[in-house]
Amino acid sequence: EVEIINAEKLTLDFITNELPQYGVIFFATHGGYINNKHWLLTGSPFVCEVETKDKWVADSIEIFYLTFEDPKTGQKRRAQYVGINEDFLSKHSANYPDNSIMFCTACQSLKGNNNLAKIFQSKNLGCFVGYNEENYQGKQLGIYFLENLIVTNATVSEEFLRSKSRFDEVEIFSTNQVK
C-alpha cells in the first residue's frame, strides 16, 4: 500500500510522530545546507507570532521563503515554508521500524557532515539515500526501487540491492542493516 502525504499534511507532528511508522519512505521535499545544518522544508503553514520566534530558533525551526513562478499565470509568488534541521529531529522524532529505508530528494541532504543521515539512523532508520549536489541518482534510485518493489515479490533488502546495482554513483549513508 502506498500513501501520499502532500503539502500541508507534511506537518511537524507528522514528520516526528507518523513518518517514523513507515518502513519505506520516499521523502520528496526542498532542502538546503546552511551553517553546517541540513534543513528540510515542511508543508506546515507559517503561523508564528514574534514572541514564539525565539522558541522556534532554539528548537531548530526556521521560516524559509521561496519564490517561484506560477505555471498557470506566469506570475511570481513567494511562499513561506517551515523548515527543520537535524537538531529538531534529534530532539523530537520517534524511532523508525527495523529495516526501514528513506530516499530523500531534498537538496544537499548528504552535503557536508552527513549529520542528517546520522540523526535518522540514530532513530533506527536502516538506510538513508540522499543527495549531495554531485549526483541526483538517489531520486532515480528511489523511483526505480519503489516501482519494482510494488510489482515484485522481493523483500525490501532484495529489491534495494538489485536496484542499487543499476546505479553506479549513488551516495548511500547506511550504518544500520536493511534485511
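Our structure is the block above this text.
The rules behind each value
Residues numbered from 1 in each chain as written. Predicted model: local features only at pLDDT ≥ 70, side-chain atom pairs only at ≥ 80, totals over all residues. Heavy atoms only, no water. Core = buried A, V, L, I, M, F, W, Y, C linked by side-chain atoms within 4.5 Å. Buried < 20%, exposed > 50% of the residue type's maximum accessible area, 1.4 Å probe, protein only. Helix = DSSP H or I, 4+ residues; strand = E, 2+ residues; numbered from the N terminus. Contact = heavy atoms within 4.5 Å. Pairing = 2+ DSSP bridges. Patch = residues over 30% accessible without salt bridge, like charges linked within 9 Å, V, L, I, M, F, W, Y side chains within 5 Å. Areas by Shrake-Rupley, 256 points an atom, 1.4 Å probe, with all protein chains shown as cover. Salt bridge = Lys/Arg side-chain N within 4 Å of Asp/Glu carboxyl O. Arc of directions from axis to C-beta.

**Student:** Go over the nonpolar core with me, naming the residues and quoting the values.
**Tutor:** Residues Phe-27, Leu-40, Leu-89, Met-102, Phe-120 and Phe-128 are the most contacted members of the largest nonpolar core, which totals 24 residues. Of all elements in the fold, only helix H1 (12-18), strand S1 (24-27), strand S4 (61-69), strand S5 (76-85), helix H3 (86-92), strand S6 (101-104) and helix H4 (115-122) reach the threshold of two or more residues within this core. Considering each element in turn, this core owes the most residues, four residues, to H4. Apart from residues lying up to four places away in sequence, Leu-40 is in contact with Phe-27, Thr-29, His-30, Val-82, Gly-83, Ile-84, Leu-89, Cys-104, Ala-106, Leu-116 and Phe-120. Ile-101, Cys-127, Val-129 and Phe-145 belong to the second-largest nonpolar core, a separate cluster that totals nine residues.

**Student:** Which residues make up the pairing of strand S3 (residues 37-41), and what values do they have?
**Tutor:** In terms of burial, S3 is largely enclosed, as four of its five residues are buried. Inspection of the sheet shows strand S2 (residues 31-34) paired to S3 by four bridges, in the antiparallel sense. By the bridge assignment for S3, Ile-34 is matched with Lys-37. Connecting S2 to the antiparallel partner S3 that follows it, the hairpin turn spans two residues, and Asn-35 within it adopts a positive phi of roughly 50°. Where S3 and S5 come together, three bridges link them in antiparallel fashion. Bridged to Trp-39 within S5 is Asn-85.

**Student:** Outline unusual backbone geometry, listing residues and values.
**Tutor:** One non-glycine residue, Gln-108, lies in the positive phi region at around 65°. Examined against the element boundaries, Gln-108 turns out to sit in the loop between S6 and H4.

**Student:** Explain a nonpolar patch on the surface residue by residue, including any values.
**Tutor:** A contiguous nonpolar surface patch, about 450 Å² in accessible area, is contributed by Val-2, Ile-4, Ile-150 and Val-151. Turning to its location among the elements, Val-151 is positioned in helix H5 (residues 137-151). Residue class for Val-151 comes out exposed when judged on its relative accessible area of 64%.

**Student:** Before we move on, can you summarise helix H6 (residues 156-164) with the specific residues and values?
**Tutor:** Among all positions of H6, only Ser-157, Glu-159, Phe-160 and Ser-163 are buried. Projected down its long axis, H6 shows its buried positions confined to an angular sector of 165°, all on one face.

**Student:** I'd like a rundown of the pattern of salt bridges, residues and numbers included.
**Tutor:** Where charged atoms from two side chains of opposite charge approach closely, those side chains can pair. A full pass over the atoms with the stated rule returns two salt bridges. In this structure, the salt-bridge partner of Asp-87 is Lys-37, at a minimum N-O distance of 2.7 Å. Within this pair, whereas Asp-87 is found in helix H3, its partner Lys-37 is found in strand S3, the two being separated by 50 residues in sequence. Exposure remark for Asp-87: the relative accessible area of 29% places this residue in the partly exposed category. Residue Lys-37 is classed as partly exposed on the basis of its relative accessible area of 26%. Arg-162 is paired through a salt bridge with Glu-159; the nearest N and O atoms lie 2.3 Å apart. One end of the pair is Arg-162 and the other is Glu-159, both in helix H6 and three residues apart, which spans about a single turn. Note on Glu-159: relative accessible area 0%, which makes it buried.

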